[in-house]
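Per-entry structural report
Chain residues, written in single-letter form:
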Amino acid sequence: MKPTDTKNPEYYHKVVDCQYACPAHTPVPEYIRLIAAEKFTEAYMINWESNVFPGVLGRTCDRPCEPACRRVRVEEEPVAICRLKRVAADNKGDVKKHMPQGPFPPNGKKIALIGGGPASLTMARDLAPLGYEIHLFDEQIAGGGMMRSQIPSFRLPEQVLNEEVNYILDLGIHTQFLTYVKSLKEVLSQDYDAVFVGTGAPRGRDLPKLPGRKEADAHIHIGIEWLANVAFEHTKSINKKVIVLGGGNTAMDCCRTSRRLGGKDVKVVVRSPFEEMKASPWEKEDAIHEDIEIIDNHVPLSFEHENGKLTGMKFQKVKAVYDENGKRQLLPTGEDDVFIEADEVLIAIGQENSFPWIERDLGLDFDKWNMPVVDEVTFQSTNSKVFFGGDSAFGPKNVITAVAHGHHAAVSIHLFCEGESLYDRPSPYTNLVSQKMGIHEWSYDSSVAIDQRYLVPQAKKSLTLKDRKKEVELGFEIATAYRETQRCLNCDVQTVFKEDRCIECDACMDVCPTSCITFTTNAEEPELRQKLLVPAENLEQDLLVSSELKTGRVMVKDEDVCLHCGLCAERCPTSAWDMQKYFYSVTKANQMSTAFPPIEK
Amino acid sequence: MSYLKPQFKHPKLPKNKIGYTIKEYEGPLSTLCAGCGHDSISAAIVQACFEMSVEPHKVAKISGIGCSSKTPTYFLGNSHGFNSVHGRMPSVATGASMSNKDMVYFGVSGDGDSASIGMGQFVHVIRRNLNMVYIVMNNGCYGLTKGQDSATADQGSKSKAGSVNPFQAIDLASLAIELGAPFVAQSFSGDKQQLVPIIKAAMHHKGFAFINVISPCVTFNNNAGSTKSYDYVRQHIEATSTLDFVPEMPIITTKYDQGKSTKVALHDGSIIQLNKLATDWDPEDRVSVVNALQQARLKNEILTGLLYVNTEWNDLHGTLKTCKTPLNKLTEKDLCPGEEILEGINRNFR
Ligand SMILES: Cc1cc2nc3c(=O)[nH]c(=O)nc-3n(C[C@H](O)[C@H](O)[C@H](O)COP(=O)(O)OP(=O)(O)OC[C@H]3O[C@@H](n4cnc5c(N)ncnc54)[C@H](O)[C@@H]3O)c2cc1C
Ligand SMILES: Cc1ncc(C[n+]2csc(CCOP(=O)(O)OP(=O)(O)O)c2C)c(N)n1
Ligand code: SF4
Ligand code: SF4
Ligand code: SF4
Ligand SMILES: [Mg+2]
C-alpha cells in the first residue's frame, strides 16, 4: 500500500467516528471533554456553532453518531453522546454574549426563506451576520417547524425550543408567521436575490383505499396532523381504545401522546417484525414502558364500523420471509384474520413531500416522483435562484440533517450572491496539535474507563402520563455526566506517526492493548489487512501505513479499535508516535469571507 | 504517565488450544524505559507461551536483580513468580524445581546478574543441568544502576559518557557450551521472528536451556559506538534467519541460507559480522559449534540462532533419580508409610 496521506483533511476526520457520522460534523469529543471540565458554556458553543440547536438535539436527535461510536466496537454500548449534549445545554451560563451580535451592516442582498424549520433557521443564522436581509415565512404561529408541531412537549419542552429559535430570530430576521406561501412565482417576482425552500415533508400518508376509511372518518386521523393539532391545542383528548398504525418514530409519538390525552388501551400495530420497525430502539422501550402494546406482523385489512362509528380494525397475520438477497417479503401465515377493538385510529405510516404551491413553469424541474431536482452538493434547484434543504430536498430525514443542509445551502447562496462558482466550496477548518505536556504527560485524560453506559433518569410515569408537557427524561446529574464523559475514547486525539524517528524497537506494537499496530512487509491492501497481528476485517476503517522503514518493513496501524490511550506514544523512546488533537470544523457561510476561525476552546 | 493498561482487547483476538487469548499471558504495564529491549523479550515470552498453549499456572518466573530481572512483573501475570537476590536466581530456581518438577521454569537474568555477581551460580546450575529456560537479557551494562559497563560489554565499546571499555567481554554462550549446557541459543530482542521459536524450543527442551538475547538499553547503552545499540544490531535483522519450531515433533530444524554473513563497520573502523549458521554446521555436534564460535570470535562475528542442542543428557531430577511424583505432592502417607515399613527398611541395614 502507498503511505497514508494524512494531509487529506478527511483521513483523521474519519477516525473521529462520531463526528464523521454526524451530518453536521459536530466536534463531539471536544465538547465531551469540556463537559468533563464543567465548561458547559464552551461545550454549548461548540455545539451551537455546528448544530445550532444543542438543547433540542440533546433531547431529540436521531443520533447517527452513537451507532458509529468506537465504544460500540471495543465494548458494546456507545457513549451517551446525545444526552451529554443536553448536559451542556442544561448547565450553560450566558451563551448569548458568545454569539454574533447584531445589528450587522447590510450587504444589500435579500433572501426569502420559506418554512421556518431547522433548515431555514440554520440558513438564517449563517447568513444574517454577513448582512443579508432575511425574510422568513411560515404558516405556523412561531418558528421551529416540525420541532414545534410534531415533536411532543414531553420529549422537547417548549421553552427549550423557544430559546434556541429566538437566538436566531434575534439576529434580526424578518419573520412572517401565520403566512402560508401560496405561490413561488409570486415570491420570485419580488426582489429577492435568492429563495430557500425549507418547507419540510408536510403530508402524512393515508390508507384511502382501505374499506371503511370514509365511513369511519370521524375517528380516524393522520398522525402528523393529529400531533400538530395537539401541539397547537386544537385537540385536547382522545378516546380510551386507540390503535396507532405504523412502526416509526411518528407512531411512537402518537401512541405516547394518546396515553397522555386519555387513551387507556393503546396499541401500536405494525406490518413488520418488531426488530425491523423503523422507530429507534429507545423510542420503542419508552412506549412499552408506558404500557403500550406493540403488535407486529399484522397488516391492516379494514376499518370496522357500526353506523359510521368506528368499532375496530381487521388485520391479516403475516410473517417475514427473506430471499437470498435478504429482501423481505411479508407472507400471510394462513391464520384467521384478527379483529382489534378501537374507538380511535391514528395513521402514522410515513410522510411525503408536497409542493402544491410551486408552479411547474418556473424552470424548476421535478422528477418522476414529483420531487424537485436538487443538486446534492450545492442544494440548488434547476432554477438557479431557488435552493432547497431539509426534508423538502430529498425527503423526510431528521433535524440534524436539516441543519447540515442549511449550512451547505447557506454557503451556496452566499457564493451565488457573490457571483462565484457554487462548486468552489470552502475547505474545512482543521488544526492538529500535539497533546504532549511532559515526558509521559498528555493534556487529555488518556486513561480508558471501563464503565458501562449510564442511564438517563426519568420522571415517574404516574406524573408524566398526567401532563403531556411534563418532560419524561430528567437529564444526567453532573456527577453521572462526568462518569459518562470518561467513557469517551478521545478519538480526535490522533496517533501521529513519524517514520524517520522510528528505531523499530517494537515497543508500540507490544504495548498496544488492542493489537492495532503491526510492523510487517508491505503488500496490497487486501493482503496487508490479513497480515496484521489481528487481521483488519472491518473494511470501513482505514489503515494508517507508513513509508518504508530501515529494515524494509512498514508500520501499519488498523484504526478500527484504537483506544487512543496514548500508550504507543508513551512507550516510544524516540517520540516517533505522538498524540495530536485534530480539530475539524465544517466552514459555515459566515466564516468564509472573514478569517474568523470556528469557535474553539 | 499511564500506570494501568486499558482492559479492552481486540474483539477478534485469536484463542489458543486451551481457549486463552494472548491477553491472559500478559502482565501489568511495564515501568521499564520506553523502548527497552527487555520489554520486547517479555513480549516474545508472552507470545511463545500463548502459542504453546501452556497453562499460566504451570509456569514459574524466577529472577535476580536488574531491569532485566524486573521484567517478570510485566509478563505472565497469571503465573508464579519470585524476584530473588542479585545473582541468586539459579539457587532459588533449583529449590523450586526440586520441590515441583511439573512446572515450566523461566529464569530471567541480566548480564550483570549472571556474568558478574551471579557467575558462580550460573556455572553451577549449568553443571547440574537444571530443567529450565535461562534467559539473559544482555545489554552490556548495569541498566538499573545507571549503565556501568558489565562483564559482557565488548572491548572497545563506547559508553554513553564516552569511555571506552578496556576489558575483554565474557561470551556467555561460549561459556555455557564449554560448561556443558545442552541447549544454547543466541538472539536479538528486536527479532521476535527468531526469538519466539527459540523460546518455544527451549521450553520443550528437557534440561538446561540457555538463551543469550542481545537487548539494547535505550537509556544508557544505545549511543553511537556501543556494540549493543539498536542502530548497530538493526542492520543485521535482515541477515539473521528465523528458526522454525514445530512443537508436535521433537526435531528442531534450523533454516539458514548457507554461509551468508553481513559486515558492519564500527565507529572505530573495526568490523563486526553477523553470521547465519551454515549447513555444514551441526547443532548437535558440540565440537563443531565450539569451533564455529571460536572462529566467529576471531572474526568479530556474532552468531545468532540455535547454536547447540543435545537431548541426551540427564537433567538434575534424572541424575538424582527423584521419584515420579513431584516432591511437593507427596502426602504425609507417602512420606511416613508407617512403623511396619520403617521396620522393614531398618531390617535391611542390620
Ligand atoms: C412525529 C415526528 C417526530 C419527529 N421527531 C424527531 C426527532 O425526535 N428527532 C429528529 O431529529 N427529527 C424528528 N422528526 C423529523 C424532523 O422533525 C424533521 O426532519 C425536521 O424538522 C425537518 O426540518 P425542515 O427544516 O426540513 O422542515 P420542517 O421542520 O418540516 O419545517 C417546515 C416548516 O415549513 C412550513 N411550511 C410548509 N410549507 C409552507 C408554505 N407553503 N408556506 C409557509 N410555510 C410552509 C411548515 O409549516 C413547517 O413549519 C420528527 C418528525 C415527526 C413527523
Ligand atoms: C548484592 C547486590 N549487589 C549490587 C546491587 C546493585 N545492583 C542492582 S542491579 C545491578 C546490575 C544489574 O545489571 P544487569 O543484571 O545487567 O541488569 P540490567 O539492569 O542491565 O537489565 C547491580 C550491580 C544489588 N542490588 N545487590
Ligand atoms: S468514543 Fe468518544 S470520540 Fe470516539 S466515537 Fe465515541 S463519542 Fe466519539
Ligand atoms: S493509542 Fe496507540 S497503544 Fe493505544 S490503542 Fe491506539 S494504537 Fe494502541
Ligand atoms: S535503564 Fe536500560 S535496561 Fe533499564 S529499563 Fe531503561 S532501557 Fe531498559
Ligand atoms: Mg544489563
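The rules behind the values
- Residues numbered from 1 in each chain as written.
- Chains lettered and ligands numbered in written order.
- Predicted model: local features only at pLDDT ≥ 70, side-chain atom pairs only at ≥ 80, totals over all residues.
- Heavy atoms only, no water.
- Pairing = 2+ DSSP bridges.
- Helix = DSSP H or I, 4+ residues; strand = E, 2+ residues; numbered from the N terminus.
- Axes fitted to C-alpha atoms, helices over the stretch in contact; angles between N-to-C directions.
- Contact = heavy atoms within 4.5 Å.
- Buried area = accessible area lost by both parts, 1.4 Å probe.
- Salt bridge = Lys/Arg side-chain N within 4 Å of Asp/Glu carboxyl O.
- Polar contact = N/O pair within 3.5 Å; in protein donor to acceptor, adjacent residues only side chain to side chain.
- Buried < 20%, exposed > 50% of the residue type's maximum accessible area, 1.4 Å probe, protein only.
- Core = buried A, V, L, I, M, F, W, Y, C linked by side-chain atoms within 4.5 Å.
- Domains from an automatic or database assignment.
- Arc of directions from axis to C-beta.
- Near = heavy atom within 4 Å.
- Nonpolar A, V, L, I, M, F, W, Y, C, P; charged D, E, K, R; others polar.
- Phe/Tyr/Trp six-rings, centres within 6.5 Å; stacked < 30°, edge-to-face > 60°.
- Areas by Shrake-Rupley, 256 points an atom, 1.4 Å probe, with all protein chains shown as cover.
- pLDDT = per-residue confidence, 0-100.
- Parallel < 35°, antiparallel > 145°, perpendicular 65-115°, else oblique.
- Left-handed = near helix turned anticlockwise from the far one by under 90°.

What follows is about the sheet that holds strand β23 (residues 554-558) of chain A. Whether parallel or antiparallel, the strands of a sheet pair through hydrogen bonds between backbone atoms. Residue and element names in this part refer to chain A. A sheet is described by the order of its strands in space; here 3 strands give the open sequence β21-β23-β22, paired in antiparallel fashion. Among the strands making up the open sheet, the edge pair consists of β21 (517-520) and β22 (543-545). Along the sheet, successive strands turn relative to each other by an average axial angle of 25°, direction set aside. Here β21 pairs with β23 via 4 bridges, running antiparallel. Bridge pairing in β23 places Thr-518 opposite Val-556.

On to the interface of chain A and chain B. At the junction of the two partners, chain A supplies 35 residues and chain B supplies 30 residues. Of the roughly 2700 Å² buried between chain A and chain B, counting both surfaces, carbon and sulfur atoms make up 58%. Applying the counting criterion to the chain A and chain B interface returns 3 salt bridges. For Arg-571 of chain A, the salt bridge is made with Asp-39 of chain B, and the minimal N-O distance between the two is 2.6 Å. Counting the contacts that link chain A with chain B gives 12 residue pairs in polar contact (both at pLDDT 80 or more). Those elements that provide at least two residues to the side of chain A that touches chain B are α7 (70-74), α20 (507-511) and α22 (567-571) of chain A. With 4 residues, α20 of chain A is the single largest residue contributor to the side of chain A that touches chain B.

On to the pattern of salt bridges. All names here are of chain A. Evaluation of the coordinates by the stated rule reveals 54 salt bridges over all chains. For Arg-59, the salt bridge identified is with Asp-90, shortest N-O distance 3.1 Å. Taken as a pair, Arg-59 in helix α5 (residues 54-60) and Asp-90 in helix α8 (residues 81-91) lie far apart in primary sequence, 31 residues in all. Asp-286 serves as the salt-bridge partner of Arg-256, at 3.8 Å between the closest nitrogen and oxygen. You can see Arg-256 sitting in helix α14 (residues 249-260) and its partner Asp-286 sitting in helix α15 (residues 281-289), a full 30 residues away along the chain. Exposure remark for Arg-256: the relative accessible area of 2% places this residue in the buried category. Looking at Asp-286, the relative accessible area reads 14%, which means it is buried.

We now examine the nonpolar core. Formed by 68 residues in total, the largest nonpolar core has its most connected members in Phe-53, Leu-127, Met-147, Leu-184, Ile-358, Phe-388 and Ile-413 of chain A. With 10 residues, the top contributor of residues to this core is helix α17 (residues 399-418) of chain A. Two domains each donate at least three residues to this core, and these are domain 1 (9-98 + 428-485) and domain 2 (110-202 + 353-418) of chain A. Formed by 35 residues, the second largest nonpolar core is a distinct cluster that contains Phe-106, Val-133, Ile-199 and Ala-201 of chain B.

Right, let's get into helix α5 (residues 119-128) of chain B. Each turn of an α-helix holds 3.6 residues, which means side chains three or four residues apart point in the same direction. All names here are of chain B. Considered for burial, the residues of α5 that qualify are Met-119, Phe-122, Val-125 and Ile-126. The arc that holds every buried residue of α5, seen down its axis, measures 135°, which confines them to one face. The first or second residue beyond α5 is Asn-129, which carries a positive phi of 55°.

Moving on, we come to the site of ligand 4. Residues in close proximity to ligand 4 total 14 residues, the closest being Cys-512, Cys-562, Leu-563, Cys-565 and Cys-568 of chain A. Here the shell around ligand 4 is built from residues that sort into 9 nonpolar, 4 polar and 1 charged.

Before going further, it helps to spend a moment on the packing of aromatic side chains. Residue and element names in this part refer to chain A. Applying the stated criterion to the full structure yields 16 aromatic pairs over all chains. Judged by centre distance (6.3 Å) and plane angle (70°), the ring pair of Tyr-429 and Phe-583 falls under edge-to-face. Within this pair, whereas Tyr-429 is found in strand β17 (residues 429-434), its partner Phe-583 is found in strand β24 (residues 577-585), the two being separated by 154 residues in sequence. Judged by its relative accessible area of 27%, Tyr-429 is partly exposed. Relative to Tyr-584, the ring of Tyr-582 lies with its centre 6.4 Å away and its plane at 45°, an arrangement referred to as tilted. Each member of the pair Tyr-582 and Tyr-584 is classed as buried. Grouping aromatic residues by their ring pairs yields a cluster made of Tyr-11, Tyr-12, Tyr-582 and Tyr-584.

All names here are of chain B. Taken together, 17 residues surround ligand 2, and among them Ser-68, Asp-111, Gly-112, Asp-113 and Gly-143 come closest. Separating an oxygen atom of ligand 2 from a backbone N or O atom of Asp-113 is a distance of 2.7 Å. Here Leu-144 contributes a backbone N or O atom positioned 2.9 Å from an oxygen atom of ligand 2. When ligand 2 is considered free in solution it has 590 Å² of accessible area, and contact with the protein chains removes 74% of it. Looking at the shell around ligand 2, the elements that each hand over two or more residues are α2 (67-70), α4 (111-115) and β5 (141-142). Broken down by element, the shell around ligand 2 gets its largest block of residues, 3 residues, from α4. In terms of residue class, the shell around ligand 2 is made up of 6 nonpolar, 9 polar and 2 charged.

Turning next to the confidence of the model for chain B. All names here are of chain B. Confidence in the prediction for chain B averages 85 pLDDT; 85% of positions are at 70 or higher. Below pLDDT 50 for its whole length, residues 245-276 participates in 83 contacts with residues either more than four positions away or in separate chains. Note on the complex model: pTM 0.90, ipTM 0.85.

A few words on unusual backbone geometry. Of the consecutive residues Gly-102 of chain A and Pro-103 of chain A, the connecting peptide bond is found in the cis state with omega at -10°. Along the chain, the position of Pro-103 of chain A falls in the loop between α8 and β1 (110-114). For Leu-178 of chain A, which is not glycine, the phi torsion reads 50° and is therefore positive. With respect to the element layout, Leu-178 of chain A can be found in the loop between β3 (174-176) and α12 (184-189). Unusually for a residue other than glycine, Lys-321 of chain B sits at a positive phi of about 50°. Summarising the element assignment, Lys-321 of chain B is placed in the loop between α10 (316-320) and α11 (332-335). Here Lys-321 of chain B falls in the exposed class, since its relative accessible area comes to 71%.

A separate point is the packing of helix α9 (residues 118-127) of chain A against α17 of chain A. Residue and element names in this part refer to chain A. It is at 7 Å that the axes of α9 and α17 come closest, and there the two elements cross at 40°. Taken together, α9 and α17 sit at an angle that is classed as oblique. Read as a crossing pair, α9 and α17 show a hand that is right-handed. Between α9, through Pro-118, Ala-119, Thr-122, Met-123, Arg-125, Asp-126 and Leu-127, and α17, the contact on the second element is made entirely by Val-399, Ala-402, Val-403, Gly-406, His-407, Ala-409, Ala-410, Ile-413 and His-414.

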